[in-house]
Amino acid sequence: MFGEGGGGGDGGDEDETLEGDMDDVRRLGVVWVRERGTGEIMSWEGDLIDSIFDKLDQQQKMVDTLRSDPDTSEEEHFKLMLVMTEMERVKYLVRSYVRTRLWKIEKFSQYIVITPEVHPSLSGAELSHARRYTELLHTHFQHSVLDSLPEWLRKMDETSSDGLSMIPKPNKNIPVLIYCRRDCGEITLPDGEPAALGKGSTHLLKYNLVEQWIKLGWAEVL
Amino acid sequence: MALPKHLQHGLTPDELTFLAEEEVISIVPSFSMTKIRVLSGVYGPFVPPSSTSVPLWMALSLKRKRKCRIVAPEWLQVERLQALLKEEKENQDGFNKLPRRFIETGKVLLDVAPDDLHLPAQLRSLLKDLREVRQAKIRLGLQSEGVMQGSYLQMNGLTPLELMELKPFLVKAMGVLQTLEPRKEERDGYGASQT
């Protein structure tokens, strides 16, 4: 670690599995960790969530039928217990995933509304929430304080002379922890020094330096 | 708030344990059951005395109902851990590659299924020693000069849990260093132009 030593540790073991080869539940785990580990709002994993909801729905129907059926054997009841345990686990993951996004969306709501480039990373519901939230917040600020201030102090989207904006936006310089599932080549650090992102290595560095590898799934956020 | 404050800095040990529970482990069931299909895959059939692989959460759930014996992972044995501890102490420049979630897995297994492990008390203290040796190395590593390059740190061999313990501190430290850096460059620039 901290420097050269430690040998890249190319374990070459089971860590090789890329996201695409995982089952939905484990993929959701990776997606959730990534959302938690980064400052920016990642792309909404709509397909994954839809597929998980479909499966949860099917499971729920199956559970309901089997539970109401008096002929269900003891063994089936036992299986149902396990199935339901897992459903709760998956639901917890989905909840936490959505809440993490909601937290980011509310934090950056105004930025989201005025930046069309980030709209594709949000689901429809998320985008309309961002819009309504911003509107609510603004109306509230106006009614409670701003309307009683002189006109020139009422703006909420000013950029001060030192470049500091009133609109908070995601900071891409915040470091992220990544684990390279594949060899991500070499990158150049801001101070001009190179850093090799070999397979199986772990790094803490600025998000914008490795954004592409994270989005490709080659680098896993920890 | 959508996300409670204590969760905003990163994953908590509980959440990491939750992830560790998705990993697969061997059990020897003490009951018969046909295959079971859950969202993450199909497991079983359960036919004693042959072993089968299930996710850790399922193994723990079965264990709590006294329906199985958990087969200890290959690394969770006294001799193996003693060897790992020795290697860890000898390897001063880096960290040994350990199973990614050995702390979490070790802890839940020792808590829920100590009777399936050989010499659980000794295992517990070995795991603790191993963790402390690594923590000491981390502290030492962070003290050495030139480690914090402002915005980059290579941390091979550490497990997610160990990294999570460090992350809030490191992210903050890097933030501080980043605010200091541009000024340093400016000053250097001045120095160069004046001479």
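Here's what I pulled together on the structure shown here. All figures in this text were calculated on a predicted structure; none of them were measured in a lab.

### Re the overall build of chain B
When helices and strands are tallied, chain B shows six helices and six strands. The N-to-C order of helical and strand elements in chain B reads α-β-β-β-β-α-β-α-α-α-β-α. Per-residue burial for chain B yields a buried fraction of 50% across its 195 residues. As displayed, chain B offers around 10300 Å² of accessible surface, 54% of which is attributable to carbon and sulfur atoms.

### Section: the environment of B:Arg124
Residue and element names in this part refer to chain B. Residue placement: Arg124 occurs in helix H5 (residues 120-143). Spatially, the C-alpha atom of Arg124 lies 9.6 Å from that of Val78, the residues being 46 residues apart in sequence. Among all residues touching Arg124, those that are not within four sequence positions of it are Leu110 and Asp111.

### Considering the sheet that holds strand E1 (residues 24-29) of chain B
Residues and elements named next belong to chain B. One open sheet accounts for three strands, arranged E4-E1-E5; its pairing is antiparallel. Either end of the sheet is taken by a strand with one partner, and the two such strands are strand E4 (52-55) and strand E5 (68-70). For this sheet, the mean inter-axis angle between neighbouring strands, taken without regard to orientation, is 50 degrees. Strand direction decides the pairing type here: E1 and E4, joined by four bridges, are antiparallel. In the sheet register, Ile27 faces E4, and the bridge partner there is Thr52.

### Quick look at the packing of helix H3 (residues 74-107) of chain A against helix H2 (residues 56-64) of chain B
Interaxial distance between H3(A) and H2(B) falls to 11 Å at its minimum, and their mutual angle equals 135 degrees. Of the possible angle classes, the one that applies to H3(A) and H2(B) is oblique. Where H3(A) crosses over H2(B), the handedness of that crossing is right-handed. The residues of H2(B) that touch H3(A), namely those facing A:Phe78, A:Met81, A:Leu82, A:Thr85, A:Glu86 and A:Arg89, are B:Trp57, B:Met58, B:Ser61 and B:Leu62. Classifying every residue of the contact of H3(A) with H2(B) gives six nonpolar, two polar and two charged.

### Concerning the sheet that holds strand E1 (residues 175-180) of chain A
Read across the sheet, four strands follow the order E5(A)-E1(A)-E4(A)-E6(B) without closing on themselves; strand pairing throughout is antiparallel. Pairing within the sheet leaves two strands with one partner each, and these edge strands are strand E5 (219-221) of chain A together with strand E6 (152-154) of chain B. Recorded for the sheet is a direction-independent mean angle of 30 degrees between the axes of neighbouring strands. Note that E1(A) and E5(A) share three bridges and pair antiparallel. If you follow A:Ile178 over to E5(A), its bridge partner there is A:Val221.

### Brief notes about the nonpolar core
Core analysis: the biggest nonpolar cluster contains 76 residues, and B:Ile36, B:Phe46, B:Met58, B:Leu62, B:Ile70 and B:Met155 have the highest contact counts within it. No other element matches the nine residues that H3(A) contributes to this core. No fewer than three residues from each of domain 1 (23-170) and domain 2 (171-222) of chain A sit in this core. Those residues in contact with B:Ile70 that lie beyond four places of it in its chain are B:Ile25, B:Ser26, B:Ile27, B:Ala59, B:Leu60, B:Lys63, B:Leu109, B:Ala113 and B:Asp116. In this structure, A:Cys184, A:Ile187, A:Leu189 and A:Ala219 belong to the second largest nonpolar core, which totals 17 residues.

Procedures and definitions
Residues numbered from 1 in each chain as written. Chains lettered and ligands numbered in written order. Predicted model: local features only at pLDDT ≥ 70, side-chain atom pairs only at ≥ 80, totals over all residues. Heavy atoms only, no water. Helix = DSSP H or I, 4+ residues; strand = E, 2+ residues; numbered from the N terminus. Buried < 20%, exposed > 50% of the residue type's maximum accessible area, 1.4 Å probe, protein only. Areas by Shrake-Rupley, 256 points an atom, 1.4 Å probe, with all protein chains shown as cover. Contact = heavy atoms within 4.5 Å. Pairing = 2+ DSSP bridges. Axes fitted to C-alpha atoms, helices over the stretch in contact; angles between N-to-C directions. Parallel < 35°, antiparallel > 145°, perpendicular 65-115°, else oblique. Left-handed = near helix turned anticlockwise from the far one by under 90°. Nonpolar A, V, L, I, M, F, W, Y, C, P; charged D, E, K, R; others polar. Core = buried A, V, L, I, M, F, W, Y, C linked by side-chain atoms within 4.5 Å. Domains from an automatic or database assignment.

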